[in-house]
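So you can see what is in the structure, the chains are spelled out below.
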Amino acid sequence: MTDEPGFAAIRIAAFVACLAAIGLVARATLAQRSGPMEPAHRWMLLIGFVVLAPLAYLLNAGLAISGAKSVAFCNSCHVMHGYVKDLQDPDSEHLAAQHFQYRWINDHQCYTCHSDYGLFGDVDAKIAGLRHVWFYTLGGYELPLKIRGTYDNQRCLVCHAPVKSYQEIAEHEKNAATIATSATSCIGGACHVAPHPKAAARGESADAS
Amino acid sequence: MPPDAYQPGRAVRRWLVVAAVFHAVAMLLVMLALVRLTPVTMTFSVGAAGGLLAAACGIFLCGVTIGLRRRHIL
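Anyway, here's the lowdown on the structure attached to this text. Please read these numbers as outputs of a predicted model, since none were measured by experiment.

Quick notes on the interface of chain B and chain A
Inference 1: Taken together, the contact between chain B and chain A spans 30 residues of the former and 33 residues of the latter.
Inference 2: Elements that contribute at least two residues to the side of chain B that touches chain A include exactly α1 (10–35) and α2 (39–70) of chain B.
Inference 3: When grouped by side-chain class, the residues that make up the side of chain B that touches chain A number 23 nonpolar, 6 polar and 1 charged.

Have a look at this one:
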């Protein structure tokens, strides 16, 4: 998984803070088995417990939350390999692959289309991610994979609705109300092509990458 | 009791060891996520490590408070 600029330094700093915290606490705990506690050991415990450990934890949490938006992170579950393989296929005509290949979405392509906008969009995405981890590692899942609930068209409209070429299409104007509420899907029917290959949902190309 | 003569009791020392173990496990989980970020390591490094670290810090601060009270500083 590649780091964004500057993240490598933060990663190293967090790692060093972890090692230092473990070292200080272990040194003070093991050295001070009896007798009065020396001031140096008190300081070691204080710095190890209250300064370095929370610092390392917060740095890692920031890196993890940011890193969890990357395509490589999604691809770390083998059930996603088929989706990402199609995404990276220059000949694919699926909607997600087109957005990826032409960089219509510059970065974090999975996350951008599968998380809501607004204040709670990220929170909802993290809760959904926890659910995915549960089903992937413990709860089990059924193939073919299906999206939970209805795909929210607002994720498409945030970028497309203000564009003139979108507004000029009569169908968009005629169905504006139902498109806005996701009652009419952007995908399928006589509208836009499927975002992902059906084989990926069935897990057929999951072992390919 | 003069501050330098204070000796933590056996129970306090035991709790300190428990806190140190929680702390070490939490830091190892964090290091695991720093080395390789996957959905599982992320969940453990943010969720489980957070809980363990909060418990370790809580035990440590309780120990500090007990020590300060015995020395009549608090």
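What about the packing of helix α1 (residues 7–31) of chain A against helix α2 (residues 39–67) of chain A?
All names here are of chain A.
Inference 1: Look at α1 against α2: their axes get within 8 Å of each other, and the N-to-C directions meet at 150 degrees. Considering the angle they form, α1 stands roughly antiparallel to α2. Viewed along their axes, α1 and α2 form a crossing whose handedness is left-handed.
Inference 2: Residue classes in the contact of α1 with α2 are distributed as 22 nonpolar, 3 polar and 2 charged.

Digging into the nonpolar core
Inference 1: Formed by 51 residues in total, the largest nonpolar core has its most connected members in Ala21 and Ala56 of chain A together with Ala26, Met27 and Val30 of chain B.
Inference 2: For this core, the elements supplying multiple residues, two or more each, are α1, α2, α3 (71–74), α4 (81–87) and α5 (95–101) of chain A together with α1 and α2 of chain B.
Inference 3: The element that contributes the greatest number of residues to this core is α1 of chain B, accounting for 12 residues.
Inference 4: If near-sequence neighbours (up to four positions away) are discounted, methionine 27 of chain B is found in contact with Cys18, Ala21, Ile22, Ala53 and Ala56 of chain A.

Parameters at a glance
Residues numbered from 1 in each chain as written. Chains lettered and ligands numbered in written order. Predicted model: local features only at pLDDT ≥ 70, side-chain atom pairs only at ≥ 80, totals over all residues. Contact = placed C-beta atoms within 7 Å. Helix = DSSP H or I, 4+ residues; strand = E, 2+ residues; numbered from the N terminus. Nonpolar A, V, L, I, M, F, W, Y, C, P; charged D, E, K, R; others polar. Axes fitted to C-alpha atoms, helices over the stretch in contact; angles between N-to-C directions. Parallel < 35°, antiparallel > 145°, perpendicular 65-115°, else oblique. Left-handed = near helix turned anticlockwise from the far one by under 90°. Core = buried A, V, L, I, M, F, W, Y, C linked by C-beta atoms within 7 Å. Buried ≥ 20, exposed ≤ 12 C-beta atoms within 10 Å, placed from the backbone.

The values reported here are purely geometric and, on their own, carry no functional implication.
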